[in-house]
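If you want the building blocks of each chain, they are given just below.
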Amino acid sequence: MALDPRTQVVTGTGARTAELDEGLRAYMLRVYNYMAAGLAVTGIVAYVTASSPAILNFVFGNAIVYWVVLLAPLGIIFFGFRAVKSAAGAQMLYWVFSALLGLSLAPIVLAYTGSSIARVFFITTSMFAAMSLYGYTTRRDLTGVGNFLIMGLIGLLVAMVVNLFLQSAALDWALSVIGVLVFTGLTAYDTQIIRRSYDETAGTDVMNRTAVFGAVRLYLDFLNLFLFLLHLFGSRD
């Protein structure tokens, strides 16, 4: 009995597709695990810092330490992750980055009630999960939307700096709303970018490092979305 060549091709393609899908799921799970672990480090460090007058005084009572804690995460984002070449180095830098942000966010823990932080965290998680799922499953190319959102993010940062001098409550509220919209959209866009990165790095030595970089993108989307929502809906202590 002769084998149908078409059957052989379809079977082979199906096997390769299944293998690709399984690899993609494992890759995305690794990215989400890194992101969740980084957020956990940030939350724990923020809580411990807020609970310790000695640490608070050391970090926020010393101008040099304060500016190092404030500016070091920016240095890691713009220079550190670009310079690191190994997956282990990227992971170590990511944990340092997450801990430093935890230190800088300690005042947030003190400023808002625990119940409102928990409530907003749940809202953020729901919104993030929905938009990340959309970015993962949609067939629509989000590149155009992503570029628009990045320009919006730049405008948002400029307006926030301007409002430091204006101290306008109305503008502050409007910027928080815009921030929620921008980072909600960026969650979907970044998820799609991360999914595509698997196709480019699957089976290569840089795949694990790329997974950490993807986690950083989603970490920042989640954290900023949380902070803007907290500003809008959180209850101050």
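Rules used throughout
Residues numbered from 1 in each chain as written. Predicted model: local features only at pLDDT ≥ 70, side-chain atom pairs only at ≥ 80, totals over all residues. Heavy atoms only, no water. Helix = DSSP H or I, 4+ residues; strand = E, 2+ residues; numbered from the N terminus. Contact = heavy atoms within 4.5 Å. Areas by Shrake-Rupley, 256 points an atom, 1.4 Å probe, with all protein chains shown as cover. Lys, Arg positive; Asp, Glu negative; His and termini not counted. Charge placed at Lys NZ, Arg CZ, Asp CG, Glu CD. Salt bridge = Lys/Arg side-chain N within 4 Å of Asp/Glu carboxyl O. Buried < 20%, exposed > 50% of the residue type's maximum accessible area, 1.4 Å probe, protein only. Patch = residues over 30% accessible without salt bridge, like charges linked within 9 Å, V, L, I, M, F, W, Y side chains within 5 Å. Phe/Tyr/Trp six-rings, centres within 6.5 Å; stacked < 30°, edge-to-face > 60°. Lys NZ or Arg CZ within 6 Å of the ring centre and 35° of its normal. pLDDT = per-residue confidence, 0-100.

A few points about the overall build of the chain
Part 1 of the reasoning: Counting secondary structure elements, the chain contains nine helices and zero strands.
Part 2 of the reasoning: Listed N to C, the secondary structure of the chain is α-α-α-α-α-α-α-α-α in terms of helices and strands.
Part 3 of the reasoning: If you line up the chain on its principal axes, its C-alpha atoms span 80 × 35 × 30 Å.
Part 4 of the reasoning: Taking as baseline every contact in the chain between residues at least 6 positions apart, the subset at least 24 positions apart corresponds to 86%.
Part 5 of the reasoning: Carbon together with sulfur atoms contributes 70% to the accessible area of the chain, which is approximately 13,400 Å² in total.
Part 6 of the reasoning: Side-chain charges of the chain comprise 14 positive and 12 negative groups, with the mean position of each set lying 2 Å from the other.

Considerations on the pattern of salt bridges
Part 1 of the reasoning: Counted under the stated rule, the structure contains three salt bridges.
Part 2 of the reasoning: Taking the shortest distance from any N to any O, the salt bridge between Asp141 and Arg196 comes out at 3.1 Å. Of the two residues, Asp141 sits in the loop between helix H6 (114-137) and helix H7 (143-166) while Arg196 sits in helix H8 (residues 169-201), which places them 55 residues apart along the sequence.
Part 3 of the reasoning: A residue is classified by how much of its surface remains accessible, and Arg196, at 32% relative accessible area, is partly exposed.
Part 4 of the reasoning: Salt-bridge contacts for Arg217 lead to Asp190; the nearest nitrogen and oxygen are separated by 2.8 Å.

Some details on unusual backbone geometry
Part 1 of the reasoning: Unlike most non-glycine residues, Gln167 shows phi in positive territory, near 55°.
Part 2 of the reasoning: Inspection of the secondary structure assignment puts Gln167 in the loop between H7 and H8.
Part 3 of the reasoning: Judged by relative accessible area, Gln167 falls into the exposed class, the value being 60%.

Quick word on a nonpolar patch on the surface
Part 1 of the reasoning: The grouping of Trp67, Leu70, Leu71, Leu74, Phe78 and Phe79 at the surface amounts to a nonpolar patch, some 650 Å² of accessible area in total.
Part 2 of the reasoning: Tracing the sequence through the fold places Leu70 in helix H3 (residues 63-83).
Part 3 of the reasoning: Classification of Leu70 as partly exposed rests on a relative accessible area of 34%.

Points about the packing of aromatic side chains
Part 1 of the reasoning: By the definition in use, this model includes 13 aromatic pairs.
Part 2 of the reasoning: Seen in terms of ring centroids, Phe183 and Phe228 are 6.0 Å apart; in terms of plane orientation they differ by 25°. Their pairing is stacked. One end of the pair, Phe183, is in helix H8; the other, Phe228, is in helix H9 (residues 207-233), and 45 residues separate them in sequence. Of the two residues examined, Phe183 and Phe228, each falls in the buried class.
Part 3 of the reasoning: Here the guanidinium or amino end of Arg195 rests over the ring plane of Tyr136, the centre of that ring lying 4.6 Å away.

Overview of the confidence of the model for the chain
Part 1 of the reasoning: The predicted model of the chain averages 90 in pLDDT, with 91% of residues at 70 or higher.
Part 2 of the reasoning: Between the elements of the chain, mean pLDDT differs from a low of 79, seen in helix H1 (residues 5-51), to a high of 96, seen in H6.
Part 3 of the reasoning: For the stretch residues 1-11, pLDDT sits under 50, and the model shows one contact to residues farther than four places along the chain or on other chains.

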